[in-house]
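Structural characterization, general
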Amino acid sequence: MIEGVQKIKFEIHGDHRGSLIAIENFKEIPFVVKRLYYIFNTSENVVRGKHAHKKLQQMVICMSGSCDFMVDNGDEKEVIHLDNNHEGLYINKPIWREMSKFSSDCVLVVLASDIYDTEDYIYSYDEFVTYKRSVNK
Ligand code: TYD
């Protein structure tokens, strides 16, 4: 997986009644969760995301259905197919992301290390590449 992105497997607590996954700050998730949001009812053929964050850490979990999550660290890109709720995609560096190929039942839950702040967003790919070069110096 590309630098700045990591897949984390969650423990499934299961018994005859079914399954349960628990996620705690600094245990399954390496940060304090300040915000949760979810993406659902996504129309077919749309591409979401198309931005990067400067500081935000996120854990993306596909709760149901599936989608493709493209991550790009400025040097390399990778498309990760998300289709289960017992793995999370942890993003802890400025990474350009684009989500596509949403199934109609896809629910993407995102746990974030900070509240919504547009100042933390980079909306242009060229700006993202310039930003990455400046922080890597
Ligand atoms: P947007 O950033 O376009 O979503 P995506 O992650 O797919 O790129 O967000 C869609 C709308 O929701 C936009 O009007 C901003 C708003 N929004 C919030 O109010 N709070 C949030 O935490 C997020 C992520 C988005």
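Now for a look at the structure at hand. Worth saying up front: this structure is predicted, and the values here are computed from it rather than measured.

**Focus: the site of the ligand**
All residues in the neighbourhood of the ligand are listed as Arg35, Tyr37, Arg48, Gly49, His51, Tyr116 and Tyr121. Residue Arg35 places a side-chain N or O atom 2.4 Å away from an oxygen atom belonging to the ligand. The separation between an oxygen atom of the ligand and a polar main-chain atom of Gly49 is 3.2 Å. When the ligand sits alone it has 530 Å² of accessible area, and the protein chains cover 57% of it. The set of elements that each furnish at least two residues to the shell around the ligand consists of β4 (35–39) and β5 (48–53). For the shell around the ligand, the leading source of residues is β5, giving three residues. For the shell around the ligand, the class distribution of residues is three nonpolar, two polar and two charged.

Conventions and cut-offs
- Residues numbered from 1 in each chain as written.
- Predicted model: local features only at pLDDT ≥ 70, side-chain atom pairs only at ≥ 80, totals over all residues.
- Heavy atoms only, no water.
- Near = heavy atom within 4 Å.
- Polar contact = N/O pair within 3.5 Å; in protein donor to acceptor, adjacent residues only side chain to side chain.
- Areas by Shrake-Rupley, 256 points an atom, 1.4 Å probe, with all protein chains shown as cover.
- Helix = DSSP H or I, 4+ residues; strand = E, 2+ residues; numbered from the N terminus.
- Nonpolar A, V, L, I, M, F, W, Y, C, P; charged D, E, K, R; others polar.

Limitation: the analysis is restricted to geometry and does not speak to function.
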